[in-house]
Amino acid sequence: MIARTTFAGFGGQGVLLMGYVLSHGAMLKDLNVTYFPSYGAEMRGGTANCTVTLSDRKIASPVASHPEYLVAMNYPSLAKFEPLVAPNGTIFLNSSLVEEDPQRDDVKVVKVPTVELAREVGSERAGNMVMIGAVCAETGLLSLEETIAGMKAALKGKEKFFELNQKGIERGFSFIKEGK
Amino acid sequence: MSAEVAYQKVFGYPESLKPAQTHYCPGCGHSIAHRLVAECLDELGMREKTIGVPPVGCAVLAYNYFNFDMVEAPHGRALAVATGIKRVHPDKLVLTYQGDGDLAAIGTAETIHAANRGEKITTIFINNAIYGMTGGQMAPTTTLGQVATTAPGGREPERHGRPIDISRMLAVSDGTVYIERCSLTSVKNIRKAKKAIMKAFRAQLDGLGFTLVELLSPCPTNWKMTPKAAWEWIDTEMVKTYPLGVIKDNTGYEDKK
Amino acid sequence: MPSEKMLMRGSNVVGEAAVRAGCRYYFGYPITPQNELPEYLSWRLPEVGGTFIQAESEIASINMVMGAAAAGARVMTSSSSPGIALKQEGISYMAGQELPCVVANMMRGGPGLGNIAPSAADYFQATRGGGNGDYRTPTLAPAGGQELAEMVFVAFDLADTYRTPVMLLGDGLMGQVMEPVVFPDPIDPASLPQKDYILDGCEGRDPRAIYSLILDPPALMEHNLKLQAKYDLIAEKEVRYDTVELDDAEIIVVAYGTAARIAEEAVHELRAQGHAAGIFRPITLWPYPKQQLRELARDGRKVAVFELSLGQMVEDVILSVGERAPIYFYGVPGGVIPTPADVTDFLHSALADDGKVGRRIEV
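Residues numbered from 1 in each chain as written. Chains lettered and ligands numbered in written order. Predicted model: local features only at pLDDT ≥ 70, side-chain atom pairs only at ≥ 80, totals over all residues.

J.: I keep staring at the overall build of chain C and nothing clicks. Help me out?
T.: Of the regular secondary structure elements, chain C holds twelve helices and 16 strands. For 363 residues, the compact-globule formula gives about 21 Å, and the C-alpha radius of gyration of chain C, at 21 Å, lands near that figure. Its C-alpha atoms give chain C principal-axis dimensions of roughly 70 × 50 × 40 Å. Burial analysis of chain C (363 residues in total) assigns 58% to the buried set. (Helix = DSSP H or I, 4+ residues; strand = E, 2+ residues; numbered from the N terminus. Rg over C-alpha atoms; globule rule 2.2 N^0.38 Å. Buried ≥ 20, exposed ≤ 12 C-beta atoms within 10 Å, placed from the backbone.)

J.: What's the story with the sheet that holds strand S10 (residues 241-244) of chain C in this structure? I'm lost.
T.: For sheets, the rule is that strands pair by backbone hydrogen bonds, running either parallel or antiparallel. Residue and element names in this part refer to chain C. Read across the open sheet, the six strands follow the order S10-S12-S11-S14-S15-S16; overall the sheet is mixed. This sheet does not close on itself; its edge strands, each paired only once, are S10 and strand S16 (359-361). Pairs of neighbouring strands in the sheet enclose a mean axial angle of 25 degrees, with direction left out of account. Sheet analysis places strand S11 (residues 251-254) next to strand S12 (residues 277-282), joined by four bridges and oriented parallel. Considered in S12, the bridge of Val254 is made with Phe280. Sheet contacts for helix H9 (residues 257-272): S10, S11, S12 and strand S14 (302-307); angle to S12, the most-contacted strand, approximately 165 degrees. Strands in contact with helix H11 (residues 313-321) are S11, S14, strand S15 (327-331) and S16; relative to S14, the strand with the most contacts, it is inclined by about 160 degrees. (Pairing = 2+ DSSP bridges. Axes fitted to C-alpha atoms, helices over the stretch in contact; angles between N-to-C directions. Contact = placed C-beta atoms within 7 Å.)

J.: Just to check I follow, could you spell out the arrangement of the chains for this structure?
T.: With two pairs of chains in contact overall, the contact-richest pair is chains B and C. Looking at chain A next to chain B, you find no contact at all, with the nearest C-alpha pair sitting 28 Å apart.

J.: Even after reading the chapter, I still don't get the interface of chain C and chain B, so can you show me in this structure?
T.: Interfaces are often sized by the amount of accessible area the parts lose when they come together. At the junction of the two partners, chain C supplies 33 residues and chain B supplies 28 residues. Within the residue set of the side of chain C that touches chain B, elements represented by two or more residues are strand S2 (25-28), helix H3 (58-70), helix H4 (81-97) and strand S9 (209-210) of chain C. Considering each element in turn, the side of chain C that touches chain B owes the most residues, nine residues, to H3(C). Partitioned by chemical class, the residues of the side of chain C that touches chain B number 20 nonpolar, eight polar and five charged. Two elements, strand S2 (residues 69-71) of chain B and S9(C), share two bridges in a ladder whose sense is parallel. In the strand pairing of S9(C), Met70(B) is matched with Ala209(C). (Nonpolar A, V, L, I, M, F, W, Y, C, P; charged D, E, K, R; others polar.)

J.: Quick question: what am I supposed to make of the sheet that holds strand S13 (residues 284-286) of chain C here?
T.: Residue and element names in this part refer to chain C. Pairing is mixed in the open sheet, where seven strands are placed in the order S3-S2-S4-S5-S7-S6-S13. What marks the edges here is a single partner per strand, and that holds for strand S3 (51-54) and S13. Lying over the sheet, helix H6 (residues 145-162) contacts strand S5 (101-107), strand S6 (139-140) and strand S7 (165-171), oriented at roughly 160 degrees with respect to S7.

J.: For this particular structure, what's the right way to read the interface of chain A and chain C?
T.: The partner chain C presents 20 residues to the 16 residues of chain A that form the contact. In terms of residue count, strand S2 (residues 32-37) of chain A provides more of the side of chain A that touches chain C than any other element does, five residues in total. Partitioned by chemical class, the residues of the side of chain A that touches chain C number ten nonpolar, six polar and no charged.

Here you go:
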């Protein structure tokens, strides 16, 4: 099994943290993982992206030719990374912000209204946690418990965010499982 | 009766100098400066607890003359190397022995930053206003009007820039505690220089901060003068650009008269 | 005790591994893409009683390293390409003075200021000396993650064993990528073998001098020959490399560091398509595993070299393989990172010898 996920969006949307949560959750269940962030000047323009690769065998390249999953938190990210998604892959769209539909017809599209769902659990700032919850629920990469554990490991020392983030993750899971 | 005479040694070769013949030219100030450093270390009983860094320049072979541990630094980097040593051995006396080109041209950045960090290191700064080892080229400290092989008509401010007074510049920094300029031109001045070196070492050992003693030093060969004329040139000309005396003293030590 | 499994970025892995390898002194100057390493050590070293100094320049920092090494400490510095260029003066001096240290280079695009994207164009700088004079710098090129941690230990041991600067050659990508790492047992610096050449005050012994200036030509020749004998010994004993699926390979992909990981993915892809491809990955770039590669280049196999540069290691491949096998080269400079799919295209082109991707090298 190998799964590559690219997370992309504006700086401030918690894009890198989503990758952290997935990476830590995967490590805790003894999967191999590589987390490859964008950095430096690339980030100065206000966009951020990272690619997380999970596998039960040794991971050769942290650079993915064609990620199976794309999480696009804004339109520029969708435009930039959509062409790279592997055939039969899945694009997770932050539908609170992105009105456009992907052009490809060989990928599955999952629209997640992160802002609205996060507001439900107490703060729009948990939008990224709603999204990572939805991603894990849809892909089965991590269970709900594993995702929460990953979040706690990624935010070690920042316990005050645990409660809200956990609610966000749970909301993401329920959105996928219950379809609303 | 003669068997009863008690001889007392009143003068000898410092233990902190190896009994070697130096390669310095006749009339050069290095030999005197070496001896002063050695005498001070002897008197402090620090020879075996000292690590020195010689420069690139005429004193590059100083480790052949000083009788304590030494590591040679690249040109200008003595105070960076000394920083590394002092941080590993904070209980040792660490000194750099540097010329004007080493300290105030190629090594200016290392000099200023080590001083400004307040590294507990003592720098013996030999200012002879000329590049000695390479054969008489202009130094950062070459005085206006002074002739050098790369300033054959004499140093002009418009063409060559002005002489740098690095000691005064360093005194501005809060990291430095003691800076004095002396000259090696008479018994009186040489004694004064020794007192200054002693004070600098003492301040280092007391952990006060960075200390530097600048020594105006004759270079008869490249100045194309006799040793006597070289001394006179320092006393009458060079001191106009580099006046002697204490530039900064925050040691709080009371000077013994 | 080995550490628990930790998810860490490569730069921090180098820092933590250095501390666990007994390094207590770090001197450096900020440069992207390796700033996480000094940032990490700026709090980690004081925690274990060590010293971190942000120097005024790369030049000052390598000279502080020289001082600390002369004083007997395990010491390191790090930088990225143009910063390493500035450190070459000190590295050459330390090679001449026979002082140990570890220098980590997280390479970026060049020449000049270049950019801050991951690249691997400093192979010549690392393996061909970089500074002046007849000397060699043992150069370790881990492929990231766990191996990065282990090679830091190896680097310090090589440096101390052979009294020489050792280069740890990574790249900006390796510095940024996070992977789970388990660190080896920590080493107590006090337990390291005593060094009989260091400067710590000459109490009870003759004074020591450490220098590289030897004015008498026959004496300097003697010193160079002594250094060369040491390099010969390193070349004989310290070669490291790794292979993947080479037994039946019809094409040998030669790559190191991050490039080797991208290439390995391409090899899996090729295998899935029915082509027998394998990887030869030098871990020591100097000494280069010449003999080992030479022996593999037989029976009509092709050799395909992939680098994140326009062709530097390929010269060592040519020196190793000569005319025993056709050599193909594909390199991408400037911080552009090819995907495994790009390398797969190159390997197809090399197999077909159609020259569409990369080029065939005329030996």
